[in-house]
Amino acid sequence: MLLPLRQFLTIDVKEVEFVRRGFSPSSAELQDHLENVGRIFLHGYHAALEHRDQTTLAKHLDQIDLEHRGFAYEGAAMALTLLDQMSLRRNSLLRFMESVGKQHIFMLHVGVGWAYARLPWLRRRMEAAIKKFHPVLRWLVIDGYGFHEGYFHWKDRPEPEVRSLQLSEDARHVFFQGLGRSLWFIKGANVGEVAATITRFHPSYRGDAWSGAGLACAYAGGLATEAMARLQQQAGVHAAALAQGAAFAAKARDLAGNAAQHTEVASQILCGMPASQAATLCDETCNKVNLLHPCPYQHWRKLLQEAMFSSLGTFKRGQSHEHSISSSLVAAQPH
């Protein structure tokens, strides 16, 4: 029964290969690592097309190794969004977010952004369309949109025309965080190329792109310790933005219970603290977010970057940090 649907919505696995995308060549090992992220995303995407029962879907996704499981959930969210929009499975995405997928809530919102990027009627009114989601995390849909546009359209428009984005100024900052994440793949995690590309962006959005690079470095991984240190050096005045992105990656993994060694190393280097403390700092700053802010997610980023700026300086002086754990992100309900 789902065969015609699969034929219409199926995405060829070649679409995530460097050669097809025209991405910068990497070492064979690093290229396979980054392409594998795409393959796992598509595995989750196609699984959501096949499995109508969400408990069955979650069991299928949970067969993916723990470190990469979040990418499968991200792909599933894209598929569920498309199915909802085609009225094939009403409210399946929200039900998934509120039940078996809630541990991967960060990744689910990003996956929604991939789908919205492909639906013109939602892309044109994205900020209105995301209001049904979590008041803070819903902005990650726009991050996903930014990633999608970089990943799939970089050759067509390598330097996005900001004025053409039908987004508010706050939303544009989030878009560029997603675009910065996509550079990790487009440039094959080449630190020098990532940095050089970001310098070509409008100055207003360079910090956002560095946040995305930090998030991708810490979550997707692929770099050796020495290269992570170079990444921080290249970020320069945007080191706190880079750290904020890495901290978000630590929080996403902490919530999902899928800790990774490369995330721990990235947090130590980019944030100046263990991943567990970076995740806790995310909680502490999230609890201070003003939900009446035009973009609460941007307020959260600002608070976290300020905290990271202070922490990076403290780390250099050899002092330690202690933070308590909060579950506010899981407890908050969509508005």
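Definitions and limits used
Residues numbered from 1 in each chain as written. Predicted model: local features only at pLDDT ≥ 70, side-chain atom pairs only at ≥ 80, totals over all residues. Heavy atoms only, no water. Helix = DSSP H or I, 4+ residues; strand = E, 2+ residues; numbered from the N terminus. Buried < 20%, exposed > 50% of the residue type's maximum accessible area, 1.4 Å probe, protein only. Contact = heavy atoms within 4.5 Å. Areas by Shrake-Rupley, 256 points an atom, 1.4 Å probe, with all protein chains shown as cover. Core = buried A, V, L, I, M, F, W, Y, C linked by side-chain atoms within 4.5 Å. Polar contact = N/O pair within 3.5 Å; in protein donor to acceptor, adjacent residues only side chain to side chain. Salt bridge = Lys/Arg side-chain N within 4 Å of Asp/Glu carboxyl O. Arc of directions from axis to C-beta. Axes fitted to C-alpha atoms, helices over the stretch in contact; angles between N-to-C directions. Parallel < 35°, antiparallel > 145°, perpendicular 65-115°, else oblique. Left-handed = near helix turned anticlockwise from the far one by under 90°. Nonpolar A, V, L, I, M, F, W, Y, C, P; charged D, E, K, R; others polar.

Caption draft 1: Region of the structure containing the overall build of the protein. Looking only at helices and strands, the protein has 19 helices and zero strands in total. A burial count over the protein gives 60% of its 335 residues as buried. Restricting the contact set of the protein to residue pairs at least 6 apart, pairs at least 24 apart contribute 74%. A total of about 13900 Å² of accessible surface is found on the protein, and carbon and sulfur atoms cover 52% of it.

Caption draft 2: Broad picture of the nonpolar core. One finds Tyr-116, Ile-142, Trp-184, Phe-185, Tyr-297, Trp-300 and Met-308 to be the most contacted residues of the largest nonpolar core, which totals 122 residues. No other element matches the 11 residues that helix α15 (residues 239-256) contributes to this core.

Caption draft 3: Local environment of the side chain of Gln-244. By the element assignment, Gln-244 lies in helix α15. According to the relative accessible area criterion, Gln-244 is buried, its value standing at 0%. Polar side-chain contacts of Gln-244 include one of 3.1 Å to the side chain of Arg-301.

Caption draft 4: Quick peek at the pattern of salt bridges. Under the criterion given, the structure shown has 11 salt bridges. Among the salt bridges present, the one from Arg-172 reaches Glu-169, with a minimum N-O distance of 3.8 Å. With a gap of three residues between them, Arg-172 and Glu-169 both fall in helix α11 (residues 169-186), about one helical turn apart. Here Lys-251 ties to Asp-254 by a salt bridge, and the two come within 3.6 Å at their closest N and O atoms. Here Lys-251 and its partner Asp-254 are both found in helix α15, three residues apart, which amounts to about one turn of the helix. Classification of Lys-251 as buried rests on a relative accessible area of 2%. Via salt bridges that share partners, Glu-15, Arg-20 and Arg-21 belong to a single interconnected network.

Caption draft 5: Spotlight on helix α14 (residues 225-235). Within α14 the residues assigned to the buried category are Ala-227, Met-228, Leu-231 and Ala-235. Down the axis of α14, the sector holding all buried residues measures 105°, keeping them to one side. Opposite the buried face of α14, at more than 90 degrees from it, the exposed residues are Glu-226 and Gln-233. As for α14, its buried residues are in contact with α11, α12 (191-198), α13 (203-219), α15 and α16 (261-271).

Caption draft 6: The packing of helix α10 (residues 140-153) against α11, seen in detail. With their axes 7 Å apart at the nearest point, α10 and α11 run at an angle of 45° to one another. Taken together, α10 and α11 sit at an angle that is classed as oblique. For the pair α10 and α11, the sense of crossing is right-handed. For the pair α10 and α11, the contacting residues are Leu-140, Ile-142, Asp-143, Gly-144, Tyr-145, Gly-146, Phe-147, Glu-149, Gly-150 and Tyr-151 in the first and Ala-171, Val-174, Phe-175, Gln-177, Gly-178, Leu-179, Arg-181, Ser-182, Phe-185 and Ile-186 in the second. Class assignment for the residues of the contact of α10 with α11 results in 11 nonpolar, six polar and three charged.

Caption draft 7: Molecular detail of unusual backbone geometry. Positive phi outside glycine occurs at Ala-189, with the angle close to 60°. Note that Ala-189 resides in the loop between α11 and α12. Residue classification places Ala-189 among the buried residues on the basis of a relative accessible area of 4%.

Caption draft 8: Main features of the environment of Ala-246. Among the structural elements, Ala-246 can be located in helix α15. Among the residues examined, Ala-246 registers a relative accessible area of 1% and is labelled buried. Taking the C-alpha atoms as reference points, Ala-246 and Cys-271, separated by 25 residues in sequence, lie 7.0 Å from one another. Residues within four places of Ala-246 in sequence aside, it is in contact with Gly-214, Leu-215, Ala-218, Leu-270 and Cys-271.

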